[in-house]
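Summary of structural features
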Amino acid sequence: MSSAIPPRAVDLLIVGAGFGGLCMLHRARQRGLSALVLESAASVGGTWYHNRYPGARVDIQSMEYSFSFSEELQQEWRWTERYAAQPELLRYANHVADRFGLRDGIRLNARVTGAAFDEAANRWCVETESDGAWSARFLVMASGPLSAPNVPAFKGLESFAGPVYHTAQWPHEPVDFTGLRVGVVGTGSSGVQAIPLIAQQARELTVFQRTAAYAVPAHNGPLDAAFEARIKADYAGFRERNRRMPAGFGSELPPNPMSALEATPDEREAAFEARWRIGGFSFLGTYRDIMLDERANALAAEFVRGKIRQIVRDPETARLLSPSQTIGCKRLCVDTGYYAAYNRPNVHLVDVSRHPIDAITPAGLTTNGRSYEFDALVLATGFDAMTGTLLRLDLRGRKGLRIQDKWRAGPLNYLGLMIEGFPNLFNVAGPGSTSAFTNVIVSIEHHVDWIADCIAYLDTHGRATIEATAPAEAAWVAHVTDVASRTVYLTCNSWYLGANIPGKPRMFMPLLGFPPYADQCAEVARHGYEGFVLA
Ligand code: N01
């Protein structure tokens, strides 16, 4: 790599100023390290900076989806809604940056294009698009598991006459669909949130659905003041109880320890109904085996299909909206008025499951021999999840090893934190970790602490580098798949498996179960970083 500007040096370079990068910068400074964040965007916030589509909001409750590292922060911040919307989450990220004086450690508009490990100096040399080069002992990739947008290679996409919006690259100025015909491709979490709101504005909305989505109601509303006061009276205890939950959240309503198969049909109906009324992810905890046993899963799935038939008046539309895959296998959607939106006379559903979209045309698109016309196109087509951000970089480890070659068969890693051949490079919330299966902020804080402790260990033991070993990596990847194989998660084509991106190697990437994962990471550290080479 070459650069006109000589590299500027710090202890720790962090890529990304989302929640992961902000947290890492704060922790690094507390530990006395010189650290710098390189952020491609014009401000902080990561996911919540970019995903500004109508209806964007978190689907973990606000009181949980926030940092726990500062008692003052968690006491003083007031959420307005049960599930915070994107503008409020972005305000929170900005508040954190200001409150902890982080802004002078963040270079904005500094897109990282690549990084190379200099074996002679044991340092990473990081290149940016327009901010020169930087050098650091440690490189922390906090670039997010869901931040490389997936734009399908539709034939003719560039020929479309109107605007094309991707939900993850939404414009900063308001987009007004009033009076327009709009086409939406994609019915995952982003599409499910955006469709009801676009439907209220657009003259006509046509949704192109490849896989029907299971969505449970959010029942969002103003944050209950009594609930807030109760949590704040012992916020630390609440955080601790959540950290002991499999997904790092939901301790207020833990999974029912009963099997769905042991309940009578009436008991099941009542139990599903009760959780449906509460809303959110807790629905999958109606019984302990919904995500473990396909028969139990089928009962929960049929309950949701029954709801779809009740909500959607046109039976054919209800049939098309009814998913057939295991529920929760693709990430469950949490909605506000999604299915009901299809009762509006201006909303139309087109099934593209058997006949894919052939081409985008100047006036719309064609599929199955028919043309559909619209003035604006929304791509709610998701992300090249977990690996996309790293694979889009020119990232080179020892002996010039390219990440694209290292990960040719899938994202090899150890503990979801490090990669053999890439010493001193840490991945926050990446493949092989619990990130996508948890309240990601719990996973981020865990990773940030582990990384900070690891660096302190190297320094006190006079070691310059830490690197995962190949056998540890192979065993870890097998472990992640083994854990998933004891569940229903391998029964569908999800982004967890890389199956949403044509040609992407199939490897189950996220790890289930936060508490055992946190224990394993701690155990490895306690034993002098077993499975790593320290030099
Ligand atoms: O992306 P997705 P997303 N032709 O991949 C379809 C998080 N998130 O942005 O299922 C036609 O889920 C694709 O079809 P299929 C959350 O973790 C959280 O919605 O592949 N259709 C699917 O319907 C979530 O899981 C929140 O058959 C095509 C859709 O596009 C993750 O981000 C909100 C297609 C993509 O769905 C991703 O969600 C939003 C093609 N060629 C996101 N290619 C909250 O916290 C893709 N599709 C609430």
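Keep in mind the model is a prediction, meaning the values are calculated, not measured. (Residues numbered from 1 in each chain as written. Predicted model: local features only at pLDDT ≥ 70, side-chain atom pairs only at ≥ 80, totals over all residues. Heavy atoms only, no water.)

Taken as a whole, this structure holds four cavities of 30 Å³ or more when the rule is applied. Taken as a whole, the largest cavity encloses approximately 70 Å³ of empty space. What lines the largest cavity is Met63, Glu64, Ser66, Ser68, Phe238, Arg239, Asn242, Arg243, Gly248, Asn439, Val442 and Glu445. Here the lining of the largest cavity is composed, by residue class, of three nonpolar, five polar and four charged. (1 Å grid on protein atoms, 1.4 Å probe; cavity = no way out; pocket = protein on both sides within 12 Å on 5 of 7 lines; lining within 4 Å. Points joined across faces, edges and corners; volume = space filled by probe spheres on them. Nonpolar A, V, L, I, M, F, W, Y, C, P; charged D, E, K, R; others polar.)

Here we take up the state of the cysteines. Evaluated as defined, the whole model comprises one disulfide. Each disulfide pairs two cysteine sulfurs, and for Cys329 the partner residue is Cys492, the sulfurs being separated by 2.2 Å. An S-S torsion of about -100° defines the bridge between Cys329 and Cys492 as left-handed. Taken as a pair, Cys329 in the loop between helix H10 (315-321) and strand S11 (333-335) and Cys492 in the loop between helix H15 (470-485) and helix H16 (514-526) lie far apart in primary sequence, 163 residues in all. Cys492 matches Cys329 in its accessibility class, with the two residues each being buried. A disulfide-free cysteine, Cys23 has its sulfur positioned 15 Å from the sulfur of Cys521, the nearest such atom. For Cys23, a relative accessible area of 3% translates into the label buried. Between Cys333, a cysteine without a disulfide, and Cys492, which holds the nearest cysteine sulfur, the sulfur-to-sulfur distance is 12 Å. Judged by relative accessible area, Cys333 falls into the buried class, the value being 2%. (Disulfide = S-S within 2.5 Å. Helix = DSSP H or I, 4+ residues; strand = E, 2+ residues; numbered from the N terminus. Buried < 20%, exposed > 50% of the residue type's maximum accessible area, 1.4 Å probe, protein only.)

Read from one edge of the open sheet, three strands run S13-S14-S15, paired in antiparallel fashion. The open sheet terminates on both sides in strands that have one partner only, identified here as strand S13 (357-361) and strand S15 (370-373). Looking at each pair of strands side by side, their axes are set apart by 20° on average, direction ignored. Summarising the sheet, strand S14 (residues 364-367) and S15 pair through four bridges and their orientation is antiparallel. Within S15, the position partnered with Thr367 by the bridge is Arg370. (Pairing = 2+ DSSP bridges. Axes fitted to C-alpha atoms, helices over the stretch in contact; angles between N-to-C directions.)

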